[in-house]
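Report on the structure
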Protein chains: 2
Amino acid sequence: MVTVRVFVTLKPSLLDSAGRTVADRLQALGYSEVHGTRIGKVIELEVDLADEGRIDEMCRKLLSNPVIEDYRFEVVE
Amino acid sequence: MVTVRVFVTLKPSLLDSAGRTVADRLQALGYSEVHGTRIGKVIELEVDLADEGRIDEMCRKLLSNPVIEDYRFEVVE
């Protein structure tokens, strides 16, 4: 069994309002070294074998919204 | 400026119902090689400098819920 880790993040040109709020609150709570925050998803798949073509297809068609999100994946073990 | 990537995931002993649903749907849609899925958050912080003690404190107190979640972080650049 192989673990594949998929990262799905908002495209950089889009405002990440949740991330913005987290950064503002961290600053207000004394963590003034934090200047920005972006929040994404990490999806860990347990698969029989890591066929990169099929994983890319899953990411593109089902696990991300390509209009607003970018994705990348890595095969962990 | 340094980027710190924080991964927040449900503790392994807890049922991840969203992840379970994603795995079931992937299988139903023909990706029979997928046996399990767990969904977490990835939070990218832009910080002035990566003081690991302070980052660990932010993760523990503010970015994760230690009752149900685990976290880990890596300094990217």
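Quick note: structure is the one above.
First things first, this report covers the structure right here in the doc. (Residues numbered from 1 in each chain as written. Chains lettered and ligands numbered in written order. Predicted model: local features only at pLDDT ≥ 70, side-chain atom pairs only at ≥ 80, totals over all residues. Heavy atoms only, no water.)

**Things to note about the sheet that holds strand β2 (residues 34–47) of chain B**
In a beta sheet, neighbouring strands are held together by backbone hydrogen bonds and run either parallel or antiparallel to one another. Counted only if it meets this: Strands qualify as paired when DSSP identifies two bridges or more between them. Helix and strand definitions here come from DSSP, where helices need a minimum of 4 consecutive H or I residues and strands a minimum of 2 consecutive E residues; each element is numbered from the N-terminal end. Simply put, an axis is a line fit to the C-alpha atoms, just over the touching stretch for a helix, and the angle between two N-to-C directions goes from 0 to 180 degrees. We call two residues contacting when some pair of their heavy atoms lies within 4.5 Å.
Taken together, six strands build an open sheet; the order of strands is β3(A)-β1(A)-β2(A)-β2(B)-β1(B)-β3(B) and the sheet is antiparallel. Of all the strands in the sheet, the pair left with one neighbour each is β3 (69–75) of chain A together with β3 (69–75) of chain B. Adjacent strand axes in the sheet meet at a mean angle of 25° when their direction is disregarded. Alignment of strand β1 (residues 2–10) of chain A against strand β2 (residues 34–47) of chain A, held across seven bridges, turns out to be antiparallel. Paired with Val4(A) across the bridge in β2(A) is Leu45(A). Against the sheet, helix α2 (residues 52–63) of chain A touches β1, β2 and β3 of chain A together with β2 of chain B, its axis set at about 150° to β3(A). Sheet contacts for helix α1 (residues 17–28) of chain B: β2 of chain A together with β2 of chain B; angle to β2(B), the most-contacted strand, approximately 125°.

**A few points about the interface of chain B and chain A**
Let me state the cut-off plainly: Summed over both partners, buried area is the accessible surface (1.4 Å probe) that two parts give up on being assembled. Any carboxyl oxygen of Asp or Glu that lies within 4 Å of a side-chain nitrogen of Lys or Arg is treated as forming a salt bridge with it. Here a polar contact is recorded for every N or O atom pair within 3.5 Å, except that within protein the pair must consist of a potential hydrogen donor and a potential acceptor, and residues adjacent in sequence are included only if both atoms are side-chain atoms. Charged means Asp, Glu, Lys or Arg here, nonpolar means Ala, Val, Leu, Ile, Met, Phe, Trp, Tyr, Cys or Pro, and polar covers whatever is left, Gly included.
Between chain B and chain A, the residue contacts involve 32 residues of the former and 32 residues of the latter. When chain B packs against chain A, the two sides together hide about 2,700 Å² of surface, and 60% of this comes from carbon and sulfur. A per-residue breakdown of the area chain B buries against chain A is headed by Tyr31(B), Glu33(B) and Val42(B), which together make up 22% of the total. Applying the counting rule to chain B against chain A returns two salt bridges. In this structure, Arg54(A) engages Glu33(B) in a salt bridge whose closest nitrogen and oxygen atoms are separated by 2.7 Å. Summed over the shared surface of chain B and chain A, the result is 18 residue pairs in polar contact (both at pLDDT 80 or more). Secondary-structure elements contributing two or more residues to the side of chain B that touches chain A are β1 (2–10), α1, β2 and α2 (52–63) of chain B. Here the side of chain B that touches chain A takes 14 residues from β2(B), the largest share from any one element. Looking at the side of chain B that touches chain A residue by residue, the classes come out as 16 nonpolar, six polar and 10 charged. Bridge count between β2(A) and β2(B): 13 bridges; the pairing is antiparallel.

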